[in-house]
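So the chains spell out like this:
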Amino acid sequence: MIRCWTTIFIMLLVAVLLETALLSNILFLPAVPDLLLLIVLYLSVYNGSLMGESAGFISGLLLDFLTAAPLGMNCLLRTLLGFIAGLCHTVINVSGILIPCLLALVSTLVKFIVIEFISFFFPTDIITYELVSMEFGAELLLNVVLAPVMFKFLSLFSAFLIDGTESPR
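Reading guide: rules and limits
Residues numbered from 1 in each chain as written. Predicted model: local features only at pLDDT ≥ 70, side-chain atom pairs only at ≥ 80, totals over all residues. Heavy atoms only, no water. Core = buried A, V, L, I, M, F, W, Y, C linked by side-chain atoms within 4.5 Å. Buried < 20%, exposed > 50% of the residue type's maximum accessible area, 1.4 Å probe, protein only. Helix = DSSP H or I, 4+ residues; strand = E, 2+ residues; numbered from the N terminus. Contact = heavy atoms within 4.5 Å. Salt bridge = Lys/Arg side-chain N within 4 Å of Asp/Glu carboxyl O.

## What about the nonpolar core?
Here comes step 1: Ile39 and Leu43 are the most contacted members of the largest nonpolar core, which has 38 residues in total.
Here comes step 2: Going through the elements one at a time, α1 (2-22), α2 (35-47), α3 (49-66), α4 (73-86), α5 (98-121) and α6 (134-155) are the ones with two or more residues in this core.
Here comes step 3: Of the residues forming this core, the biggest block, eleven residues, is contributed by α2.
Here comes step 4: For Ile39, the contacting residues outside a window of four places in its chain are Met11, Leu12, Ala15, Met150 and Leu154.

## Description of the pattern of salt bridges
Here comes step 1: Scanning all chains against the criterion turns up three salt bridges.
Here comes step 2: Ionic pairing is found between Arg78 and Asp34, a salt bridge with its closest N-O pair at 3.0 Å. Of this pair, Arg78 sits in helix α4 while Asp34 sits in the loop between α1 and α2, and the two are 44 residues apart along the sequence.
Here comes step 3: According to the relative accessible area criterion, Arg78 is buried, its value standing at 3%.
Here comes step 4: The class for Asp34 is buried, based on a relative accessible area of 1%.
Here comes step 5: Of the charged contacts in the structure, one is a salt bridge between Lys111 and Asp34, with a shortest N-O distance of 2.7 Å. Taken together, the residues span a long stretch of sequence, with Lys111 in helix α5 and Asp34 in the loop between α1 and α2 at a distance of 77 residues.
Here comes step 6: Lys111 gets classed as buried once you look at its relative accessible area, which sits at 8%.
Here comes step 7: Each member of the salt-bridge network shares a partner with another, and the members are Asp34, Arg78, Lys111 and Glu139.

In structure tokens form, the structure reads like this:
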């Protein structure tokens, strides 16, 4: 269990550094793909809600510390998404291409809705984007296209990432 959590933390740390330091500085990308979201979705679907919530909270906390977002916003958002995706861990099979794409599509849309909802209460603190915009469309497309690739890449480390304590798979 400690080996699993250590691997997850290192993977989340590498992904948040890659996302905030490297991918956000590439000028020809209209938006940054949400690698942390894809990792949290993978962990949630294979390990259940508890792992999804925990990984979502840790990834949100790391992201909050490294970005200008209000402290706790990404924690709340990713904890919620990890919990929701974890509810489906015994129901769906993500070994193909279509289901990871659909999971990334729905999660990115839910992320947009939650950010809009939170920005209603804190209009000056949270940067939002429009539903029909180049930035949101690019992030949605990048997340959907990268989801099967990330899930396949993460499956290479499944011995270290899948805990198996919540329910057998």
